[in-house]
Amino acid sequence: MKQFISVTDVPSVPRLAEIALDYKKNPYKDKGIGENKKLGMIFLNPSLRTRLSTQVAASNLGMEAIVFNIDKEGWALEMKDGVIMSGNTTEHVKEAAAVMGQYFDILSIRTFPGLKNKDEDYTEKYIHQFIKYAGKPVVSLESATLHPLQSLTDLITIKERWNQPRKPKVVMTWAPHVKALPQAVPNSFAEWMNAWGEVDFTITHPEGYELDPKFSGQAHIEYNQDKALEGADFVYVKNWSSYVDYGKILNTDPHWQFTNEKLRHTNDARVMHCLPVRRNVVIADEVLDGPNAIVIPEAGNRVWAAQAVLSEILKHGK
Ligand code: CP
């Protein structure tokens, strides 16, 4: 694997999932492969899970991870080519990414969308500028439109809990939120579920919250949440802002919140969320504190997903 920006970078999704779950059983089996290698972790936005789990994953491989909160500690970056830099930006990404490429063997980066200009966000300008100028393999720690480390995590969290011959029914449900959030997590979850092909996959949301069809693909779309949840084995709860009416909040109906009443429609489903989650807005306390929630072991699995990705790049990324 040469980079990790999307599921399309992955030669075999089932194989990568196996590698991740293998690390869960034996975290230190490849302790030597990262020796004398350095991972740059560049954040333009806050993070708890991605930052810490990737640092632990790097450490498990013997690799040193160096975190740089570039939005707070670095020079203001210019991303556009050919501009006259007489405004607020101090350093062009051409130099910044190229310099970081001198220091690190793998460069990882988190960016967020502006949620104002769909074309700008969906061309993934930021991460592609880093790929273009770093000269080293780049790993997404979440980009404007995708969060592949989260989705690999979610996939292995389902896989390790499912041993029946039939495919599990996985339902991703929209839930309300007070802020306009990116589509990165739902886009990515849909992309990975579709690429994996080992699940019966439904997406439910109010009208107007349709995802980019490039990511929702062949998923079954159901606008009636209760109907969508019938027989679900896994429910993935997530808010996102509208893709169609880009970046807007179109619905705040609290009936879309995931509660025990919603859980009763399912096949005693395990309940997932990428975290952080706003309690009693997105998911009710009774669910998060109940026996069906698996959000904590799901977050724990972030380490194994990151470790699988870093090890594959260390082994095959040149
Ligand atoms: N799920 C996730 O990416 O969490 P952080 O934003 O805390 O990294």
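Remember, it's a predicted structure, so these values are computed and weren't measured experimentally.

Conventions and cut-offs
Residues numbered from 1 in each chain as written. Predicted model: local features only at pLDDT ≥ 70, side-chain atom pairs only at ≥ 80, totals over all residues. Heavy atoms only, no water. Helix = DSSP H or I, 4+ residues; strand = E, 2+ residues; numbered from the N terminus. Buried < 20%, exposed > 50% of the residue type's maximum accessible area, 1.4 Å probe, protein only. Contact = heavy atoms within 4.5 Å. Areas by Shrake-Rupley, 256 points an atom, 1.4 Å probe, with all protein chains shown as cover. Lys, Arg positive; Asp, Glu negative; His and termini not counted. Charge placed at Lys NZ, Arg CZ, Asp CG, Glu CD. Core = buried A, V, L, I, M, F, W, Y, C linked by side-chain atoms within 4.5 Å. Near = heavy atom within 4 Å. Polar contact = N/O pair within 3.5 Å; in protein donor to acceptor, adjacent residues only side chain to side chain. 1 Å grid on protein atoms, 1.4 Å probe; cavity = no way out; pocket = protein on both sides within 12 Å on 5 of 7 lines; lining within 4 Å. Sits in = over half its atoms within 2 Å of the grid points. Nonpolar A, V, L, I, M, F, W, Y, C, P; charged D, E, K, R; others polar. Pairing = 2+ DSSP bridges. Axes fitted to C-alpha atoms, helices over the stretch in contact; angles between N-to-C directions. Points joined across faces, edges and corners; volume = space filled by probe spheres on them. Domains from an automatic or database assignment.

Draft legend 1. Here's a closer look at the overall build of the chain. In terms of regular secondary structure, the chain is built from 14 helices and 11 strands. With the principal axes as the frame, the chain shows a C-alpha extent of 55 × 50 × 30 Å. Here the chain holds 318 residues, and 57% of them are scored as buried. A separation threshold of at least 6 residues defines the contact pool for the chain, and within that pool the share at least 24 residues apart is 78%. When the accessible area of the chain is evaluated, it comes to approximately 13,800 Å², of which 51% is carbon and sulfur surface. With 37 positive and 39 negative side-chain charges, the chain shows a spacing of 4 Å between the two charge centroids.

Draft legend 2. Layout of the nonpolar core. If you look at the biggest cluster of nonpolar residues, it comprises 58 residues, and the most contacted ones within it are Phe4, Leu16, Met172, Trp192, Met193, Phe201 and Val309. The next biggest cluster of nonpolar side chains, apart from the first, holds 18 residues, and it includes Ile5, Ala97, Leu107 and Tyr133.

Draft legend 3. Representation of the environment of aspartate 212 in the model. Turning to its location among the elements, aspartate 212 is positioned in the loop between β8 (200–204) and α9 (213–216). Residue aspartate 212 is classed as buried on the basis of its relative accessible area, which comes to 9%. In this structure the C-alpha to C-alpha distance between aspartate 212 and glutamine 183, which are 29 residues apart in sequence, comes to 9.0 Å. Leaving out residues up to four positions away in the same chain, aspartate 212 has contacts with Tyr122, Asn187 and Tyr243.

Draft legend 4. Representation of the site of the ligand. The environment of the ligand is formed by Ser47, Leu48, Arg49, Thr50, Arg110, His147, Gln150, Cys274, Leu275 and Arg302. Here an oxygen atom of the ligand sits 2.7 Å away from a polar atom, N or O, in the side chain of serine 47. With respect to the ligand, the side chain of threonine 50 contributes an N or O atom lying 2.7 Å from an oxygen atom. When the free accessible area of the ligand is taken as 250 Å², the share hidden by the protein chains comes to 92%. Of the pockets mapped on this structure, the ligand occupies the largest pocket. For the shell around the ligand, the class distribution of residues is 3 nonpolar, 4 polar and 3 charged.

Draft legend 5. Just the sheet that holds strand β5 (residues 106–110), in detail. Spatial ordering of the open sheet is given by β2-β1-β5-β6, a layout of 4 strands whose pairing is parallel. Both outer strands of the open sheet, β2 (64–68) and β6 (138–140), are each paired with one neighbouring strand and no more. The mean angle between the axes of side-by-side strands here comes to 20°, regardless of whether they run parallel or antiparallel. Inspection of the sheet shows β5 paired to β6 by 3 bridges, in the parallel sense.

Draft legend 6. Structural detail: the layout of surface pockets. Estimated volume of the largest pocket: approximately 550 Å³. Residue lining of the largest pocket: 27 residues in total, with Phe112, Glu142, Leu181, Leu275 and Pro276 positioned closest to the centre. Top contributing element to the lining of the largest pocket by residue count: helix α8 (residues 184–196), with 3 residues. Of the residues that constitute the lining of the largest pocket, the class distribution is 13 nonpolar, 7 polar and 7 charged. Here the lining of the largest pocket gathers at least three residues from each of two domains, domain 1 (7–146 + 302–316) and domain 2 (162–293). By volume, the second largest pocket amounts to about 180 Å³. Phe68, Ile70, Ala96, Val99 and Met100 are, among the 13 residues lining the second largest pocket, the residues nearest its centre. Of all the secondary-structure elements, those providing two or more residues to the lining of the second largest pocket are β2 and α4 (93–103). Examining the composition of the lining of the second largest pocket, we find that 4 residues originate from one element, α4, more than from any other. When grouped by side-chain class, the residues that make up the lining of the second largest pocket number 11 nonpolar, 1 polar and 1 charged.

Everything listed here is a matter of geometry and, on its own, says nothing about what the molecule does.
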